[in-house]
Amino acid sequence: MTGASMKLAYLLNTYPLISTTFIRREIQAIEALGQPVERFAVRDWDGELVDPDDIAEHGKTRYILTGGKSALLRDVLLTLLAHPLRTLMLLPLWWRVWRNAERKFVEHVAYLLEAMAFARRAGALDVDHVHVHFSTNAATVALFARRLGGPSYSITVHGPDEIVPGEPARLSIREKARDAAFLVAITRYCRDRIAQEAPDSADKIRIVPCGIDLAQFPFSPDPPASSRVICIGRLCANKGQIHIPPAIAQVIEEFPDLVVELIGGGEDEAAIRAAIARHKVEDHVIVHGWGTGAYVREQLLAGRAMLLPSYAEGLPIGIMEAFAIGRPVLSTTIAGIPELLDGDCGWIFAPGDESAIADALRGIMRATPEQRAAMGAEGRRRVEERHDLHKSAQTLLLAFQNRPAT
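Residues numbered from 1 in each chain as written. Predicted model: local features only at pLDDT ≥ 70, side-chain atom pairs only at ≥ 80, totals over all residues. Heavy atoms only, no water.

Q: How do you make sense of the overall build of the protein chain when you look at a structure like this?
A: For the protein chain, the count of helices and strands is 16 helices and 13 strands. Relative to its length of 406 residues, the protein chain is compact, with a C-alpha radius of gyration of 22 Å against a globular reference of 22 Å. For the protein chain, the C-alpha atoms occupy an extent of roughly 75 × 40 × 40 Å along the three principal directions. The burial tally for the protein chain puts 56% of its 406 residues in the buried class. Intrachain contacts of the protein chain at a sequence separation of at least 6 include 73% that bridge at least 24 residues. Entry remark: accessible area of the protein chain is about 16600 Å², with carbon and sulfur atoms responsible for 55%. Side-chain charges of the protein chain comprise 45 positive and 50 negative groups, with the mean position of each set lying 7 Å from the other. (Helix = DSSP H or I, 4+ residues; strand = E, 2+ residues; numbered from the N terminus. Rg over C-alpha atoms; globule rule 2.2 N^0.38 Å. Buried < 20%, exposed > 50% of the residue type's maximum accessible area, 1.4 Å probe, protein only. Contact = heavy atoms within 4.5 Å. Areas by Shrake-Rupley, 256 points an atom, 1.4 Å probe, with all protein chains shown as cover. Lys, Arg positive; Asp, Glu negative; His and termini not counted. Charge placed at Lys NZ, Arg CZ, Asp CG, Glu CD.)

Q: I tried to follow unusual backbone geometry on my own but got confused; where do I start?
A: Negative phi values dominate among residues other than glycine, just as trans dominates among peptide bonds. Here the amide bond leading from Tyr15 into Pro16 is cis, since omega sits at -15 degrees, within 30 degrees of zero. Among the structural elements, Pro16 can be located in the loop between strand 1 (8–14) and helix 1 (21–32). For Asp126, which is not a glycine, the phi torsion comes out positive at approximately 60 degrees. Mapping Asp126 onto the fold places it in the loop between helix 5 (105–124) and strand 4 (129–133). Overall, the relative accessible area of 52% leaves Asp126 in the exposed class.

Q: I keep staring at helix 1 and nothing clicks. Help me out?
A: Residues three or four positions apart in an α-helix share a direction because the helix packs 3.6 residues into each turn. An ideal rise of 1.5 Å per residue puts 16 Å on 12 residues; helix 1 measures up with 16 Å between its terminal C-alpha atoms. Most of helix 1 is tucked away: nine of the 12 residues are buried. Those residues of helix 1 that sit buried are Thr21, Phe22, Ile23, Arg24, Arg25, Glu26, Ile27, Ala29 and Ile30. At the exit of helix 1 stands Gly34, carrying a positive phi of roughly 100 degrees. (Expected span 1.5 Å × (residues − 1).)

Q: What exactly am I supposed to notice about the pairing of strand 8 (residues 228–232) here?
A: Along any regular strand, the residues point their side chains to alternate faces of the sheet. For strand 8, a buried count of four out of five residues is recorded, marking the element as mostly surrounded by other parts of the structure. Pairing geometry for strand 8 and strand 9 (residues 259–263), over five bridges, is parallel. Counterpart to Arg228 in the pairing with strand 9 is Val259. Handedness of the crossover is the feature at issue here: the chain leaves strand 8, passes through helix 10 (residues 244–249), returns alongside strand 9, and the resulting connection is right-handed. (Pairing = 2+ DSSP bridges. Right-handed = clockwise from strand over helix to strand, strands pointing away.)

Q: Explain the pattern of salt bridges to me, please; I cannot follow it from the model alone.
A: In a structure, side chains of opposite charge can pair up when their charged atoms sit close to one another. Inspection of every chain in the model, using the stated rule, returns 30 salt bridges. A salt bridge links Arg120 to Asp75, with the nearest nitrogen and oxygen atoms 3.5 Å apart. Separated by 45 residues along the polypeptide, Arg120 in helix 5 and Asp75 in helix 3 (residues 69–82) bring together distant segments of the chain. Judged by its relative accessible area of 38%, Arg120 is partly exposed. You can call Asp75 buried: its relative accessible area is 3%. (Salt bridge = Lys/Arg side-chain N within 4 Å of Asp/Glu carboxyl O.)

Q: Could you clarify how one ought to interpret the packing of aromatic side chains in this entry?
A: Here the distance between the centres and the angle between the planes together describe a pair of aromatic rings. The final tally for this structure, using the stated rule, is eight aromatic pairs. Taking 6.4 Å as the distance between ring centres and 90 degrees as the angle between the ring planes, the aromatic pair formed by Phe22 and Phe134 counts as edge-to-face. Taken together, the positions of Phe22 in helix 1 and Phe134 in the loop between strand 4 and helix 6 (137–147) put the pair 112 residues apart, joining distant regions of the chain. Residue classification places Phe134 among the partly exposed positions, given a relative accessible area of 28%. Aromatic side chains Phe40 and Phe118 sit 5.1 Å apart centroid to centroid with 90 degrees between the ring planes, which places their arrangement in the edge-to-face category. Taken together, the residues span a long stretch of sequence, with Phe40 in strand 2 (residues 37–43) and Phe118 in helix 5 at a distance of 78 residues. When its relative accessible area of 0% is taken as the criterion, Phe118 is described as buried. (Phe/Tyr/Trp six-rings, centres within 6.5 Å; stacked < 30°, edge-to-face > 60°.)

Q: How should a nonpolar patch on the surface be read in this particular structure?
A: Taken together, the side chains of Leu85, Leu88, Met89 and Leu91 make up a nonpolar region of the molecular surface, amounting to roughly 420 Å² of accessible area. With respect to the element layout, Met89 can be found in helix 4 (residues 84–101). With relative accessibility at 58%, the residue Met89 sits in the exposed group. (Patch = residues over 30% accessible without salt bridge, like charges linked within 9 Å, V, L, I, M, F, W, Y side chains within 5 Å.)

Q: Help me out: how do you make sense of the sheet that holds strand 3 (residues 61–63) in this one?
A: Think of a sheet as strands paired side by side through backbone hydrogen bonds, with each pair either parallel or antiparallel. In space, the seven strands of this open sheet follow the order 3-2-1-4-5-6-7, with parallel pairing throughout. Both outer strands of the open sheet, strand 3 and strand 7 (205–207), are each paired with one neighbouring strand and no more. Each neighbouring strand pair of the sheet contributes to a mean axis angle of 25 degrees, computed without reference to strand direction. Two elements, strand 1 and strand 2, share six bridges in a ladder whose sense is parallel. When the bridges of strand 2 are listed, Leu12 appears paired with Ala41. Here helix 1 sits on the sheet and contacts strand 1, strand 2 and strand 4; the angle it forms with strand 1, its principal contact strand, is near 170 degrees. (Axes fitted to C-alpha atoms, helices over the stretch in contact; angles between N-to-C directions.)

Written out as structure tokens, the structure reads:
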């Protein structure tokens, strides 16, 4: 089915939450092209939503588990009654997916029940195709639902956790790819890893970069004379913020006005605050907590650069946002980051290397306004060329409309 008559849905594990802003923007961009999108999620987020757009998105989302366990059981029973043979034929695949995971028997039973409910609810809305971000729990639900007569599905694979050695097999990426209409990889690195793990489905992989709405990130060609470096992201081991205090301690004698501002919250906050105190950099590393999208833009605009010392990423949206505004970026040589960032628009270094982080900070602090402006302009050019949200949305919509029969 093609064109405006297609009924399209997105299925997420937890939605909306702070880290899914890019998915919300993608859905909205597809809707702006005239294609309505139904939102499904397995569960609600138990945190506090701060962005008004996320709060509004919550009201548009249909939840499989949250607030509706009796409805879930009803849908399971009705599916069993309506499709006993399909359910029976699904069990060998369910067994293989569970065995691949090497864990979580009860959770995989839950995925099966959720798939029964989703297939029934998607059918009631005449959903033709469902798109899933990340090849994890929600993709398992989409796979099982398809075998139960549910809609065709596609998956955007991001990394980092999905494509580290061993994890694709545990996530049954080969099985999910085999039944999928197509797969989306956000970078060349991601595409190559999927093809390595699911070679019989390599021809199904399309590269569709994540994008941002450039209109929301106006280019600032004249960098401010600021000593603030902005770090945006969840405070967790994968993001590497624990290395910022010792790196700062190496450079503050030369740059006493330097401040790194951490925008985000997470499980590593206590450890990061302890490191700040241990290295006596309380005036130079500030933890702000989460902020709205507007707040993040304001901080990037007022800052000198963005710092993201991650161990694990796909390709961070935050780097695109900093480049769109015209700010250089300091980040690591992992996954898809080198496809966007190099010495022409910032500094790039190995993860965990505190001396290299310190050198990058020295570099951005010593850079002249003209050097920073040139880096910012190159970053903006790259984002306009490769990461325009509306171009990516058009590419995705065409892929949905022209998907092969499965």
